[in-house]
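Remarks on the overall topology
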Amino acid sequence: MKPYTKAVLKGKNYIHGSFAILRRTSTKMPIQRVPLFLLACGSFNPITNQHMRLFELARDHMHSTGQYQVMGGIVSPVSDSYGKQGLTLAKHRIAMAKMALQSSNWVKVDEWESQQADWTETVVTLRHHYGRILNEYEQRILEDSSGIRGHSQSIPPQLKLLCGADFLETFKIPGLWRDDHMEEVVGGFGLVCISRGGLQPEQTVHESDTLWRYRQNIFQVKEWVRNDTSATEVRRALRRGLSVKYLIPDSVIEYIEQHNLYTEDSERRNEGMALRPLTKQAQQRFESLDD
């Protein structure tokens, strides 16, 4: 059975897994590719060249399968309520990400998640963006059928979560993920996972029954040109007055200098606070027991 996600979007049910069915316009025509969008969630504190590189690696890999056509990429920085130590304000992280991606004609920054008052679960962010993508697709189909545009056969789009191999490790953290959310993210939407450092995503998938069950929906991408640049190391270098040139775009370096970001004082922001995902999950479990 193909994995699927059933969710309600503005009163409509959609089954995400069924979109993976490939169709032929005729026996002589090549197989149509599934339109695919890639969503990357995270702190982007700050965005690095490696963050942007993930999109290029993922697009190449998904095209190489012969099944997908990547239509766009979305960078979705987390809100300030995430609670991570050293997390600079969302307005700065958004501004830096937009500057960094000015050179891309297919990856864009979206502010929705960063503007939420509370931390937003990854699955909620996926639903939000997939709802928008699906609405745009349905509008195009409606225009085609009404003759506004020429008729064209089209396969419904998919949205997958783009992540580094370290993201898979978060599924091991007790209390961080709800079981139903994990099922929906991995089994319904799917992951495009880029290898990173010495992490072994294959082992992580093997050790998790849920990940193993939906392993066909986890696309593992090998990064042969290793780049272990992390935002954590970039912030550390900046605090110490060291150069980060060629690790992050020059425009981002200039922005950081102009706004005096990533200092010893800023690294103490949220110090001692528990991550909001952990406290929120604990609160939800308590409320369910209370009911």
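Treat the numbers as computed from the prediction; the structure is a model and nothing was measured. Numbering of residues starts from 1 in each chain and follows the order in which that chain's sequence is written. Totals for whole chains, interfaces and linings use all residues, but because this is a predicted model, local features are given only for residues with pLDDT of at least 70 and pairs of side-chain atoms are given and counted only at 80 or more. To obtain the side-chain values, all non-hydrogen atoms of the structure were included, while hydrogens and water were left out.

Note: pLDDT gives the predictor's confidence per residue, expressed from 0 to 100. On average, residues of the protein chain score 86 in pLDDT, and 84% of them are at 70 or above. Residues are treated as being in contact if the distance between any of their heavy atoms lies within 4.5 Å. Every residue in residues 1-29 is under pLDDT 50, and counting partners more than four places away or in other chains gives 64 contacts.

Attention shifts here to helix α5 (residues 179-189). Burial within α5 is extensive, with eight of its 11 residues counted as buried. Type-normalised accessible area, obtained with a 1.4 Å probe on protein chains alone, sets the label of each residue: buried when under 20%, exposed when over 50%, and partly exposed for intermediate values. Each helix corresponds to a stretch of at least 4 residues labelled H or I by DSSP, and each strand to a stretch of at least 2 residues labelled E; elements are numbered beginning at the N terminus. For α5, the full list of buried residues reads His 181, Met 182, Glu 184, Val 185, Val 186, Gly 187, Gly 188 and Phe 189. Once α5 ends, the next one or two residues include Gly 190, with phi positive near 100°.

Only when DSSP finds a minimum of two bridges between them are two strands counted as paired. Taking strand neighbours across the sheet as the criterion, the six strands line up as β5-β4-β3-β6-β7-β8 in an open arrangement whose pairing is parallel. Looking at which strands have only one partner, the edges of the open sheet turn out to be β5 (107-109) and β8 (218-221). Strand-to-strand, the axes of this sheet are offset by a mean angle of 25°, without reference to chain direction. Where strand β4 (residues 68-77) meets β5, three bridges bridge the pair, whose relative direction is parallel. Across the sheet, the residue bridging to Val 75 is Val 109, located in β5. Sitting on the sheet, α5 is in contact with β6 (158-164), β7 (191-194) and β8, with an inclination near 115° to β6. Orientation is described by axes fitted as lines to C-alpha atoms, over the contacting stretch for helices, and by angles from 0 to 180 degrees between their N-to-C directions.

With that settled, consider the nonpolar core. For soluble globular proteins, nonpolar side chains are generally found buried alongside one another. Counting residues in each nonpolar core, the largest one holds 40 residues, and the members touching the most others are Leu 38, Ile 47, Phe 55, Leu 162 and Val 192. Per-element accounting of this core gives the leading share, six residues, to helix α1 (residues 49-64). Excluding residues that lie within four positions of it along the chain, Phe 55 makes contacts with Leu 38, Ala 40, Gly 73, Ile 74, Val 75, Trp 106, Val 107 and Leu 162. Remark: nonpolar core denotes a set of buried residues (Ala, Val, Leu, Ile, Met, Phe, Trp, Tyr, Cys) joined through side-chain atoms within 4.5 Å.

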